[in-house]
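Letter by letter, the chains look like this.
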Amino acid sequence: MAMTEPTTTGRAPLDDREVRPRTAYVGRLEIQWDPRILEPRPWTAEQSRWAASLLTDLPPGPVLELCAGAGHIGLLAVAGTRRELVCVDIDPVATEYAAANARRNGLAAQVSTRTESIADAAEHPTSYSLVLADPPWVASAETGRFPEDPLRAIDGGADGSALAVDCVRTAGRVLAPGGALVLQVGTEAQLDGPVAAAGREHGLVEVERRVFERGVLALLRHADGEVSG
Ligand SMILES: C[S@@+](CC[C@H](N)C(=O)[O-])C[C@H]1O[C@@H](n2cnc3c(N)ncnc32)[C@H](O)[C@@H]1O
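Here the residue numbering is sequential within each chain, running from 1 through the sequence in written order. Two thresholds apply to this predicted model, a pLDDT of at least 70 for residue-level local features and 80 or more for giving and counting side-chain atom pairs, whereas whole-chain, interface and lining totals are computed over all residues.

Draft legend 1. A look at helix α3 (residues 92–104). Here α3 contains 13 residues, and its C-alpha end-to-end distance of 18 Å stays within 8% of the 18 Å for a straight helix at 1.5 Å per residue. Those residues of α3 not exposed but buried are Val-93, Ala-94, Thr-95, Tyr-97, Ala-98, Asn-101 and Ala-102. If you follow the buried residues of α3, they end up packed against β2 (29–33), α2 (72–78), β4 (85–89) and β5 (111–115). Secondary structure elements follow DSSP: runs of H or I no shorter than four residues count as helices, runs of E no shorter than two count as strands, and numbering proceeds from the N terminus. Of the residues flanking the end of α3, it is Gly-106, one or two places downstream, whose phi is positive at about 70 degrees. To estimate how far a helix should reach, multiply one less than its number of residues by 1.5 Å. Field definition: a residue is buried when 20 or more other C-beta atoms are found within 10 Å of its C-beta, exposed when 12 or fewer are, and partly exposed for counts in between, with C-beta atoms placed from the backbone. What counts as a contact here is a pair of residues whose C-beta atoms, placed from the backbone, lie within 7 Å.

Set out below in C-alpha cells:
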C-alpha cells in the first residue's frame, strides 16, 4: 500500500486508506475531516453555543477562530447569523477542510480561511467582535495518552498552556472595543495561572468560566471595561 508523507501529524506515517475523509455531525452541521487533523469532539459544540449567544449582544464585526482545525466550532457559532468568520490554522490540511466544510454547509459566502500561526493573526486589523480559540492544551509529557491525535493539534508545551497564552496575546491585539474572547483550555489551573497572567499583560480579564468533563471554556473581556463606541 502506498504510504503518504508524515506531513502534519507528528505521528507515524498514515496510509492512503487512513487519510480518506470521514464525516462528523456537530450540531446541525455536517463536518468532514481525516486523521491528519483532530477529529471534531462533540462537546466542543458548547463553545459554539456560548459564542452564538454572545454574538446577539456583541458589537458589529467579524469573528476570528484561532486553531480552527476542521472549522466546526466557528462555523456552528456563525451559522444563522450574518457575521463574517475568519478561520486560522497553521496546518494547511486543516484550513482546506475548514473551507470545504464552510461550502458543504452553505456558509462559504461569510467564511474565509488563512493558513498562518496564532502570532501571525495578531497582525490582523483590530476589528473582531469575537475571538474563538481552541489551542492545543495537553502538556507535552502527556501527549502519549492520545496516540490517535496529531501531535501538533494537542501539544501545548510544558504545562499545556503555551498556545493558549499566544491566543490571549493575539486576542488582546485584534479585539475591537467591547469584544470578547471565548477560550478553550484543558484545566482550570491553566486558566488560573498562565492564562490569567497573559490576560493581565494583554488587557483581558476572565469574567466567566464553564467547566466540562473534557475541557474548560472561559470568557475574557477587555480589562478596562471598554464598550463599543
Ligand atoms: C486542539 S486542535 C483544535 C482543532 C479544532 N478546533 C477542533 O476542535 O477539532 C488545535 C489546532 O491548532 C492548530 N495549531 C497548532 N499550533 C498552532 C499555531 N502555532 N498557530 C495556529 N494554529 C496552530 C493545529 O493545527 C490544530 O488544528
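The discussion continues.
Draft legend 2. Representation of the site of the ligand. By nearness alone, 23 residues border the ligand, and Cys-67, Gly-69, Ile-90, Asp-91 and Asp-134 come closest of all. Of the residues forming the shell around the ligand, the biggest block, 3 residues, is contributed by helix α5 (residues 151–154). In this count, Pro and Cys sit with the nonpolar residues alongside Ala, Val, Leu, Ile, Met, Phe, Trp and Tyr, while Asp, Glu, Lys and Arg are called charged and the others, Gly among them, polar. Class assignment of the residues belonging to the shell around the ligand gives a composition of 15 nonpolar, 3 polar and 5 charged. Only the C-beta atom matters for nearness: placed from the backbone, it must lie within 6 Å of the molecule or strand for the residue to count as near.

Draft legend 3. Local environment of the nonpolar core. To define a nonpolar core, we join buried Ala, Val, Leu, Ile, Met, Phe, Trp, Tyr and Cys residues through C-beta atoms within 7 Å and take the resulting set. Counting 59 residues, the largest nonpolar core has Leu-66, Val-131, Leu-132, Leu-181 and Leu-183 as the members making the most contacts within it. Beyond its immediate chain neighbours, meaning those up to four positions away, Leu-132 contacts Gln-47, Ala-51, Val-63, Glu-65, Leu-66, Ile-73, Gly-74, Ala-77 and Val-182.

Draft legend 4. Structural detail: the sheet that holds β4. For two strands to count as paired, DSSP must find a minimum of two bridges between them. Across the sheet, 7 strands lie side by side as β5-β4-β3-β6-β7-β9-β8; this open sheet has mixed pairing. This sheet does not close on itself; its edge strands, each paired only once, are β5 and β8 (204–212). Here the strands of the sheet are splayed against their neighbours by 15 degrees on average, with no regard to which way each runs. When strand β7 (residues 175–185) meets strand β9 (residues 215–222), the two strands line up antiparallel, connected through 6 bridges. Residue Ala-180 lies in a different strand from β9, and its bridge partner there is Arg-221. Every angle, taken between N-to-C directions, lies between 0 and 180 degrees, and every axis is a line fitted to C-alpha atoms, over only the stretch in contact when it is a helix. Taken strand by strand, helix α6 (residues 162–174) contacts β3 (63–66), β6 (128–133), β7 and β8, and its axis lies near 165 degrees from that of β7.

Draft legend 5. Inspection of the pairing of β3 at higher detail. Burial of the side chains of β3 extends over both faces: Val-63 and Glu-65 are buried on one face and Leu-64 and Leu-66 on the other. Examined bridge by bridge, β3 and β4 share 4 bridges and lie parallel to one another. Across the sheet, residue Glu-65 finds its bridge partner in β4, namely Cys-87. Classification remark: right-handed applies to a crossover when, strands pointing away from the viewer, the course from the first strand over the helix to the second runs clockwise. Viewed along the sheet, the connection from β3 through α2 into β4 turns out right-handed. By the bridge criterion, 4 bridges tie β3 to β6 in an arrangement that is parallel. The residue of β6 that forms the bridge with Glu-65 is Leu-132.

Draft legend 6. Molecular detail of the environment of Cys-67. Turning to its location among the elements, Cys-67 is positioned in the loop between β3 and α2. Separated by 137 residues in the primary sequence, Cys-67 and Leu-204 have C-alpha atoms spaced 19 Å apart. Excluding residues that lie within four positions of it along the chain, Cys-67 makes contacts with Asp-89, Ile-118, Ala-133, Asp-134 and Pro-135.

Draft legend 7. Representation of the confidence of the model for the chain within the structure. The predictor rates its confidence in each residue with pLDDT, a number between 0 and 100. Chain-level pLDDT for the chain is 93 on average; 93% of the residues reach the 70-or-more range. Low pLDDT (under 50) marks residues 1–7, which in the prediction has 15 contacts with non-local residues, meaning those over four places away or in another chain.

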